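Fold and contact review
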Amino acid sequence: MAEAPNASEPSRTVEVERKYDVDGDTPLPLWQGIPGVDAVTTGELRVLDARYLDTAEAALARSGVALRRRTGGPDAGWHIKGPREGDGRLEIGWPLGDDEAVPDAVADVLARWTAEPLTPLARIENDRTAYLLTGPDGVVAEFVDDRVRATDLRQGTERRWREWEFELGPAAPVDPDERERLFAAAERAIFAAGGRHAASGSKLARALGF
C-alpha cells in the first residue's frame, strides 16, 4: 500500500499483491477466517485515471518497468513501478506537479533504463472500491474491486474488464510461511465467490492486449 509522496522525497513502497479476474456480476468475497483479520472497512470509492508512457521502442516495458501519471486516490502522482523481485515490486512515487511534463526527479530515476523521449502508451481509467482488512496491529491487507476501462493509445483499442487485487498491508505477517497462509485463506474466499487467477500480470499489459 503506497502513501502520497511529499514534495521533497519520493515515496518508496514494495507492493506484494495478487490479482484475480472476475465477472461483472460476481459478488464480493466473504472474509471469515482470514488469519489476523477481525474487521473489514466499508468500501471506499476511488476514481482513478492513469496515463502510461514509454519510448517508441518500449524500452521501459522490455526492462519490466512502467511509468504512469495517475490522478485520484490517496497516492495520486507520478509512479515508477520497477522490475518484479521475488514476490514484490518496488514502486517509487512523486507528486503530480503543475503540468503533465515528466518531472526532472522522475527522469533522473528513469535514466538507468532509458533517456529516450517518452510518448503516451495507454490510458487506464478505473472505478475502484477499496476495502481494508484490519487486525489488532492495523491494516493486514487491502482488497480492491476494480472496474477498468483501458485504451491502447498507439493502436486506438479500448478494453473493459473487472478484476480484484489483494495487497499486503503494514500489519501483514513478515514470515514467508505466515504470508502464504494469509494469501491461501484469502484465495479460498476469493475463489468461493467466483474469482480466478488473473490471465494477465498487470493492467498495462492487459490494456495492450497481453
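Scroll up a little and you will see the structure.
Below you will find a few notes about this structure. (Residues numbered from 1 in each chain as written. Predicted model: local features only at pLDDT ≥ 70, side-chain atom pairs only at ≥ 80, totals over all residues. Heavy atoms only, no water.)

Here we look at the pattern of salt bridges
According to the stated counting rule, one finds 24 salt bridges in the structure shown. Taking the shortest distance from any N to any O, the salt bridge between Arg 206 and Asp 21 comes out at 2.9 Å. Of this pair, Arg 206 sits in helix 4 (residues 203–207) while Asp 21 sits in strand 2 (residues 17–22), and the two are 185 residues apart along the sequence. Under the relative-accessibility criterion, Arg 206 is labelled partly exposed at 24%. Judged by its relative accessible area of 10%, Asp 21 is buried. (Salt bridge = Lys/Arg side-chain N within 4 Å of Asp/Glu carboxyl O. Helix = DSSP H or I, 4+ residues; strand = E, 2+ residues; numbered from the N terminus. Buried < 20%, exposed > 50% of the residue type's maximum accessible area, 1.4 Å probe, protein only.)

A word on the packing of aromatic side chains
Counting across every chain of the model gives six aromatic pairs. Where Trp 31 meets Phe 143, the ring centres are 5.0 Å apart and the plane angle is 70°; that geometry is what we call edge-to-face. Of this pair, Trp 31 sits in the loop between strand 2 and strand 3 (39–40) while Phe 143 sits in strand 9 (residues 138–152), and the two are 112 residues apart along the sequence. An angle of 35° between the planes, with centres 5.9 Å apart, marks the rings of Trp 31 and Phe 166 as tilted. (Phe/Tyr/Trp six-rings, centres within 6.5 Å; stacked < 30°, edge-to-face > 60°.)

Side note on the nonpolar core
Among the nonpolar cores identified, the biggest contains 22 residues, and Trp 31, Phe 143, Trp 164 and Phe 166 are the most heavily contacted of them. Listing elements by their share of this core, those giving two or more residues are strand 2, strand 8 (119–135), strand 9, strand 10 (157–168) and helix 3 (176–193). By residue number, the principal contributor to this core is helix 3, which donates seven residues. (Core = buried A, V, L, I, M, F, W, Y, C linked by side-chain atoms within 4.5 Å.)

Quick notes on the pairing of strand 6 (residues 77–85)
In the sheet, strand 5 (residues 66–71) pairs with strand 6 via five bridges, with the strands oriented antiparallel. Looking at strand 6, one finds that Ala 66 is bridged to Lys 81. The hairpin formed by strand 5 and strand 6 contains five residues between the paired strands, and Gly 72 there has a positive phi angle of roughly 90°. Pairing of strand 6 with strand 7 (residues 88–94), which is carried by six bridges, proceeds in the antiparallel orientation. Its bridge partner lying in strand 7, Lys 81 is registered against Glu 91. (Pairing = 2+ DSSP bridges.)

A short note on the side chain of Thr 114
Within the secondary structure, Thr 114 sits in the loop between helix 2 (104–110) and strand 8. A polar contact is formed between the side chain of Thr 114 and the backbone nitrogen of Glu 116, at a distance of 3.1 Å. The residues touching Thr 114, leaving out its near neighbours within four places in the chain, are Thr 55, Ala 59 and Leu 60. (Polar contact = N/O pair within 3.5 Å; in protein donor to acceptor, adjacent residues only side chain to side chain. Contact = heavy atoms within 4.5 Å.)

Description of the pairing of strand 9
By the criterion of burial, strand 9 is predominantly enclosed, with 12 of the 15 residues buried. Where strand 8 lies against strand 9, 14 bridges are found, and the strand directions are antiparallel. Paired with Arg 128 across the strands is Asp 146, a residue of strand 9. With antiparallel pairing between neighbouring strands as the criterion, strand 8 and strand 9 make up a hairpin whose turn holds two residues. Taken together, the 12 bridges between strand 9 and strand 10 define a ladder with antiparallel strand orientation. Along strand 10, the bridge assignment pairs Thr 151 with Glu 158. Connecting strand 9 to the next strand, strand 10, in antiparallel fashion are four residues, including Gly 156 with a positive phi near 75°.

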